[in-house]
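One-letter residues, chain by chain:
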Amino acid sequence: MCGIFGVTGTAKTAADNVFAGLKNLEYRGYDSWGVALRDTEGIQITKQVGKISEGTMEGSDAYEAVGHSRWATHGGVTLDNSHPHRVGGVVVVHNGIFENYLSYKTKLEDEIDFKSETDSEVIAALLHIEIQNGSSPQEALTHVSSLIEGRFAILVMFDSMPGIWAVRRGSPLILGRGGEQTYIASDIPAFLEMTNVVNYLDDNQMAYLHGVEVDFWDLLTGEEIEKRNIEVEWDIESADKGEHPHFMIKEILEQKETIARAINQDKEQIDAFTTALKKAGGIYIIGCGTAHKAAMATEYFFAQIAGKKVNVVAASEVESFKTFIRPNTALVCISQSGETADIMEVVEYAESVDATVLSITNVASSSLARASTVALPVKVGPEKAVASTKATTGQITIGFLLAHAYADTFTKGLGILLGAAANINDMINPRYEEHIESVAKKFKDTENLFIIGRASLYPIALEAAIKIQEVSYIHAQGFAAGELKHGPIALIEEGTPCIVLGDDQETISNATELKSRGAVIIGISTTEQPVFDHWLRVPDAELAQPLVSIIPIQILSYHFALLRGHDPDMPRNLAKSVTVK
Ligand code: F6R
């Protein structure tokens, strides 16, 4: 949530680079944006409401700049609430939440003329007071950071001295090194065009970027620390839309190759992962949103393939089950970004009780991957559209592979997945997409849409609902096929579209129950059934059927979004990488 980016160095292109790099972080938040630049005249701030990709900024000779692309938490989408925030000689951009900000804001209200409703401006105010009282920037940041409850990353410029200060606790900050500039951002794509050499700032660490030099300290001990330069493997091309109108469709189509990449895991890592699972007294798999649905699919795979019961909990719901996370528990975290706050909070708890943290994540350099004993990389490349697609199928692939590895049938699992990947490659073609688009046209104006699935297709029904809701804003709901008749069937009226996943006898009976109450049935299955009014064919992938079944729904959601006039890459109210609770 909220993209932040800062540049220092000798070249006078800092503001231009921040403006350009922030566009690559727009998926983190797109309510408003702002840049603070330092040139010979001092620090100047530009802010605009709306998307940075639609914004404009005048050229400048700045050699330092910080910028922010906002996803509103405290205070509405206004110019005053957008970052950077200046109080006195202090300018701040902030990602995260200052949970106890109100108590400080109330105390300071007589002294500070607050311009915004944000928690972030209170950080600037506290720093300003510290500086006024004679603290150095380092002392001020150390003290103010100790007052903040919650997860945050901040970049700060002081009028009184050049350079950018950065502090992190819970929200990501990565430095890009090399050339005549140094970069610091909430995500690597901000500076990937400039360098792939990075330093990771860890929790409770502070950095001071001045020119191309950087000093690092431990926030708690005050001691200076050294950082290792690390080369990351992401390439710029995969972070680009290329010839496609949107990232979402680009990423959907990329599944022709990305599933094969996810299958191609290091066997030693898989073995280390399964050994940890086998040693564990209990297994908890957690995730949020779509990743939680991938976790649910994995739960079915473990039951069906390995005869093993694993526990799946949405990360935000783990609180009630915390007592079951013990030193012999294996906690498996599924997360595209590896930065989601709800997950990282459980990880921190698991670490505190010495449980084993394992993960499946797309960002090999993420906080989650770095906190894991074994981190399996999803390897699908940067996912930029807010709606997860290729990362989802990558996660499901790895869940399937792990269930087979656990059952000592790894090679069999590999064979099924390779077959599915080849079939998906054939399935995704322009004619298939056109057919789905024609179905989308028929139902684009519907207010409600229901999806049913049985067994491992039940999590896919839930995931289908998320996909349709988030980009088309149609009210979509997923159900276990057999559950519909226990209540929700009352919602079915003449013409209500219902997506039916699968063609097993029981699911077809459920589809027939829906149809006899007026529903129009869109079947997604390997065979066409008389009860279907429309049919989206998927190949037979045996127990890996969830993998192939979600793809037509991703395409359908994309076309719903376009037909209803929405931007599928940046749906309203959402942001990618939810680093606030
Ligand atoms: C929906 C979607 C979200 C994410 C969720 C977790 O399409 O992308 O539901 O899956 O916010 O994010 P990660 O996987 O980054 O932890």
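Look a little higher up for the structure.
These numbers come from a predicted model, not from an experiment.

Quick notes on the rules
- Residues numbered from 1 in each chain as written.
- Predicted model: local features only at pLDDT ≥ 70, side-chain atom pairs only at ≥ 80, totals over all residues.
- Heavy atoms only, no water.
- 1 Å grid on protein atoms, 1.4 Å probe; cavity = no way out; pocket = protein on both sides within 12 Å on 5 of 7 lines; lining within 4 Å.
- Points joined across faces, edges and corners; volume = space filled by probe spheres on them.
- Nonpolar A, V, L, I, M, F, W, Y, C, P; charged D, E, K, R; others polar.
- Patch = residues over 30% accessible without salt bridge, like charges linked within 9 Å, V, L, I, M, F, W, Y side chains within 5 Å.
- Areas by Shrake-Rupley, 256 points an atom, 1.4 Å probe, with all protein chains shown as cover.
- Salt bridge = Lys/Arg side-chain N within 4 Å of Asp/Glu carboxyl O.
- Helix = DSSP H or I, 4+ residues; strand = E, 2+ residues; numbered from the N terminus.
- Buried < 20%, exposed > 50% of the residue type's maximum accessible area, 1.4 Å probe, protein only.
- Near = heavy atom within 4 Å.
- Polar contact = N/O pair within 3.5 Å; in protein donor to acceptor, adjacent residues only side chain to side chain.
- Sits in = over half its atoms within 2 Å of the grid points.
- Pairing = 2+ DSSP bridges.

One pass over the structure, following the stated rule, counts four cavities of 30 Å³ or more. Reported here for the second largest cavity is a volume of approximately 70 Å³. Taken together, Cys 2, Arg 70, Trp 71, Thr 73, His 74, His 83, His 94, Gly 96, Thr 118, Asp 119 and Ser 120 form the lining of the second largest cavity. Partitioned by chemical class, the residues of the lining of the second largest cavity number two nonpolar, seven polar and two charged.

Together, Val 49, Val 77 and Leu 79 make up an exposed nonpolar region whose accessible area comes to about 240 Å². As for its position among the elements, Leu 79 is in the loop between β4 (64-70) and β5 (85-87). We classify Leu 79 as partly exposed; its relative accessible area is 45%.

This part covers the site of the ligand. Around the ligand, the surrounding shell holds 14 residues, and the nearest of these are Ser 335, Gln 336, Ser 337, Thr 340 and Glu 470. Separating an oxygen atom of the ligand from a backbone N or O atom of Thr 290 is a distance of 3.0 Å. Here an oxygen atom of the ligand sits 3.3 Å away from a polar atom, N or O, in the main chain of Val 386. Protein chains shield 88% of the accessible area of the ligand, which is 410 Å² for the free molecule. Taken atom by atom, the bulk of the ligand overlaps the largest pocket. The element contributing the most residues to the shell around the ligand is helix α8 (residues 289-306), with three residues.

Right, let's get into the pairing of strand β9 (residues 174-177). Side chains of β9 alternate between two faces, with Ile 174 and Gly 176 and Leu 175 and Arg 177 buried alike. Looking at chain direction, β9 and strand β11 (residues 197-200) are connected through four bridges and run antiparallel. What sits directly across from Leu 175, in β11, is Asn 199. As defined by bridge partners, β9 adjoins strand β10 (residues 181-185) across three bridges and the pair is classed as antiparallel. Following the sheet pairing, Gly 176 is matched in β10 by Tyr 183. Between β9 and β10, which follow one another and run antiparallel, lie three residues, and Gly 178 among them has a positive phi close to 125°.

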